Amino acid sequence: MKAGQLGTRDLTVSTVANIGPGIDFYFAFGVIAVTAGVAAPLTIVAAGIAVVFLAATVAEFTRAEPSAGSFITYVESGLGPRAGVVTALLVTVGYTVAIAGVFTMAGGMVTLTLDHYSSIRVSWIPLSLVLTVAAIWVTAKGVKLSTAAVGIALVAQIAVMLAVCVITLVDHAGHLSGVPFSWAHLSGGLTGLSRGFPLALYMFIGWENGPALAEECRDPKRTVPRALFLSIAIGTALFLLFAYATITGFHYNVSSITRTSVPFLTVADHDLGSLAVLAWIAGVVSVLAALMAGSSSQARMLFDGGRTGLLPAPLGRLRQQTNTPVNALIAMGAVGLGIIVVWWLTHVITGHTRSMDPVSLYAECSTMGTIVILVVYLLTNLSLPVFMWRRHRDTFSPIRHIVLPATGSAVLIVPLIKLCAPGQPSPYDVFPYLALALLAISAAIAWVVVRRNPSAGLTPATPPTGE
């Protein structure tokens, strides 16, 4: 982890790729449109605003004390080592479960493309294994190489998706309307907005990529906050354009959108003809970019937890040749792939093999991961005022350090309630209880860890190297 390798552009590219403007939009927007109706883009606007409040909290931490530990370090610094251990465990589980969904779609998007264009039938599981290992291998070679690869992939996918949008909007130029941005056309009003809000918020997960790379940035106190807000602005603009083009392509008919699993690709097939294959390939590229960017940032959070004693010490070691947290990368990859294997075995044993499609696992991992990650966001907002008052009282601001994180916490209540609401289909009805059990287990482990190691959470001056 060499300092000064990354600038604002590098960090912004990596963060936008981690947000995954292609793959997240492909599989989330159809459901958002069902819940919010023709004015579904308003749900994206609301989610973008919510993420800005969260980013404001993280930016304040970074301006004060940049750290690769990101949420783990911030919560530990504000609320103490036990809260730091709880956060470290929640981060480990939440982000690993979420990225297992990305692992799934690495192979899943390839099989969906092959199914659409040929009679070739290939299982997505071995493809996911191979592509995940390849992406982690590139990431382990160093942040500069992985960021460059992610940048190329990001430009390619966005270029294709923008081309689809332009062609679609030109083809429907005589019927363009502001209806998708009209509150009057929001299905169910505020209720419809709140139903689609959790998924819209999930599309932005990855925005927190930058702080985890802070120790490898040039002037991180300025670079990370700039990249944070710039990435969110770019992600919001792209999602809104993709949403508007998709709704326009369906002639503002939401019932037609509900009959297709990936509305954007349906529009591409209709308006681009044979060239629509590029949009399908862009989906594959988007998954791989998100996989590399997400693995890189998440491994660094686990690395920081390992080097400070909040997580097992081997996670806090760097490989000397590449100066990257390879142990953390391998652990995250192994657990993520293990989740896929357990899910597969469960379906085989229970005989529910018909529901073993990658999109189902992607949705399940995304939902469970999001519930846990929302708790991490809440803990981070709670810790900011305490952290600033105790350690940087001379720069303490009631507006920036109390009002903004409190507002950020308030906007998280809606998606958390929706995701934990009773009466959801299996296995989604179990996820809130799993999250609650995880929180309780994490608290118990935190008590033991800090009791045995009172210095847990103190970052060493020089990160350890070697295997």
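Residues numbered from 1 in each chain as written. Predicted model: local features only at pLDDT ≥ 70, side-chain atom pairs only at ≥ 80, totals over all residues. Heavy atoms only, no water.

**Some details on the overall build of the protein**
Logical step 1: For the protein, the helix and strand inventory stands at 17 helices and zero strands.
Logical step 2: Taken over the C-alpha trace, the protein has a radius of gyration of 21 Å; the compact-globule value for 467 residues is 23 Å, and the two agree within 12%.
Logical step 3: Each of the three principal axes of the protein carries a C-alpha extent, and together these read 65 × 50 × 45 Å.
Logical step 4: Taking all 467 residues of the protein together, the buried fraction comes to 57%.
Logical step 5: Put simply, 82% of the contacts in the protein that link residues at least 6 apart link residues at least 24 apart. (Helix = DSSP H or I, 4+ residues; strand = E, 2+ residues; numbered from the N terminus. Rg over C-alpha atoms; globule rule 2.2 N^0.38 Å. Buried < 20%, exposed > 50% of the residue type's maximum accessible area, 1.4 Å probe, protein only. Contact = heavy atoms within 4.5 Å.)

**Let's talk about the packing of aromatic side chains**
Logical step 1: What the rule picks out here adds up to 19 aromatic pairs.
Logical step 2: Note on phenylalanine 25 and phenylalanine 264: the rings are 6.0 Å apart at their centroids and 85 degrees apart in plane angle, and the pair reads as edge-to-face. Of this pair, phenylalanine 25 sits in helix H2 (residues 23-36) while phenylalanine 264 sits in helix H12 (residues 263-272), placing them 239 residues apart in sequence.
Logical step 3: Judged by its relative accessible area of 1%, phenylalanine 25 falls in the buried class.
Logical step 4: Judged by relative accessible area, phenylalanine 264 falls into the buried class, the value being 2%. (Phe/Tyr/Trp six-rings, centres within 6.5 Å; stacked < 30°, edge-to-face > 60°.)

**Digging into the environment of arginine 226**
Logical step 1: Summarising the element assignment, arginine 226 is placed in helix H10 (residues 220-249).
Logical step 2: Taking the C-alpha atoms as reference, arginine 226 lies 30 Å from asparagine 327; in sequence the two are 101 residues apart.

**Let's talk about the packing of helix H5 (residues 81-117) against helix H6 (residues 124-140)**
Logical step 1: Orientation of H5 relative to H6, taken along the N-to-C sense of each, is 125 degrees, at an axis distance of 7 Å. With respect to their mutual orientation, H5 and H6 come out oblique. Read as a crossing pair, H5 and H6 show a hand that is right-handed. In this structure, H5 contributes Phe103, Thr104, Ala106, Gly107, Gly108, Val110 and Thr111 to the contact, and H6 contributes Trp124, Leu127, Ser128, Leu131, Thr132 and Ile136.
Logical step 2: Residue composition of the contact of H5 with H6, by class: seven nonpolar, six polar and no charged. (Axes fitted to C-alpha atoms, helices over the stretch in contact; angles between N-to-C directions. Parallel < 35°, antiparallel > 145°, perpendicular 65-115°, else oblique. Left-handed = near helix turned anticlockwise from the far one by under 90°. Nonpolar A, V, L, I, M, F, W, Y, C, P; charged D, E, K, R; others polar.)

**What about the nonpolar core?**
Logical step 1: Core analysis: the largest hydrophobic core is formed by 147 residues, its most contacted members being Tyr26, Phe29, Phe71, Met109, Trp207 and Tyr377.
Logical step 2: Here this core takes 17 residues from H5, the largest share from any one element.
Logical step 3: Beyond its immediate sequence surroundings of up to four residues, phenylalanine 71 is in contact with Val58, Thr87, Val91, Tyr95, Trp207, Glu208, Met301, Val376, Tyr377 and Thr380. (Core = buried A, V, L, I, M, F, W, Y, C linked by side-chain atoms within 4.5 Å.)

**What to know about the pattern of salt bridges**
Side-chain pairs of opposite charge can arise where the charged atoms are in close proximity.
Logical step 1: Tallied over the entire structure, the rule returns seven salt bridges.
Logical step 2: The salt bridge partner of glutamate 60 is arginine 63, with a shortest N-O separation of 3.1 Å. Of this pair, glutamate 60 and arginine 63 are both found in helix H3 (residues 41-64), three residues apart, which corresponds to roughly one turn of the helix.
Logical step 3: Through salt bridges that share partners, Glu60, Arg63 and Arg400 make up one connected network. (Salt bridge = Lys/Arg side-chain N within 4 Å of Asp/Glu carboxyl O.)

**A closer look at the environment of leucine 374**
Logical step 1: Positionally, leucine 374 belongs in helix H15 (residues 358-391).
Logical step 2: Residues leucine 374 and leucine 412 lie 38 residues apart in sequence; the distance between their C-alpha atoms is 7.1 Å.

**Digging into unusual backbone geometry**
Logical step 1: With an omega dihedral of 5 degrees, the bond running from serine 426 to proline 427 counts as a cis peptide bond.
Logical step 2: With respect to the secondary-structure elements, proline 427 resides in the loop between helix H16 (398-420) and helix H17 (431-452).
Logical step 3: Phi is positive for aspartate 219, close to 50 degrees, though the residue is something other than glycine.
Logical step 4: By secondary structure assignment, the location of aspartate 219 is in the loop between helix H9 (209-212) and H10.
Logical step 5: Residue classification places aspartate 219 among the partly exposed residues on the basis of a relative accessible area of 41%.

**Observations concerning H17**
Because an α-helix completes one turn every 3.6 residues, residues spaced three or four positions apart along the sequence face the same direction.
Logical step 1: A rise of 1.5 Å per residue sets the reference length of H17, with its 22 residues, at 32 Å; its end C-alpha atoms lie 31 Å apart and thus fit the reference within 8%.
Logical step 2: At its buried positions, H17 is contacted by H5, H15 and H16. (Expected span 1.5 Å × (residues − 1).)

**Focus on helix H14 (residues 326-350)**
Logical step 1: In this model H14 runs 36 Å from its N-terminal to its C-terminal C-alpha over 25 residues, within 8% of the 36 Å that 1.5 Å per residue would give.
Logical step 2: Listed as buried for H14 are Val326, Asn327, Ala328, Leu329, Met332, Gly333, Gly336, Leu337, Ile340, Trp343 and His347.
Logical step 3: Looking at the packing, one finds that the buried side of H14 touches H5, H6, helix H13 (277-307) and H15.
Logical step 4: Positive phi appears at glycine 351, one or two residues downstream of H14, with a value of about 80 degrees.

**Describing the packing of H6 against H14**
Logical step 1: Where H6 meets H14, the closest approach of the two axes is 10 Å, and the angle between their N-to-C directions is 170 degrees. In terms of their interaxial angle, H6 and H14 are classed as roughly antiparallel. Taken together, the residues of H14 that come into contact with H6 (itself represented by Trp124, Ile125, Leu129, Thr132, Ile136, Thr139 and Ala140) are Val326, Leu329, Gly333, Leu337, Ile340, Trp343 and Trp344.
Logical step 2: Taken together, the residues of the contact of H6 with H14 break down into 11 nonpolar, three polar and no charged.

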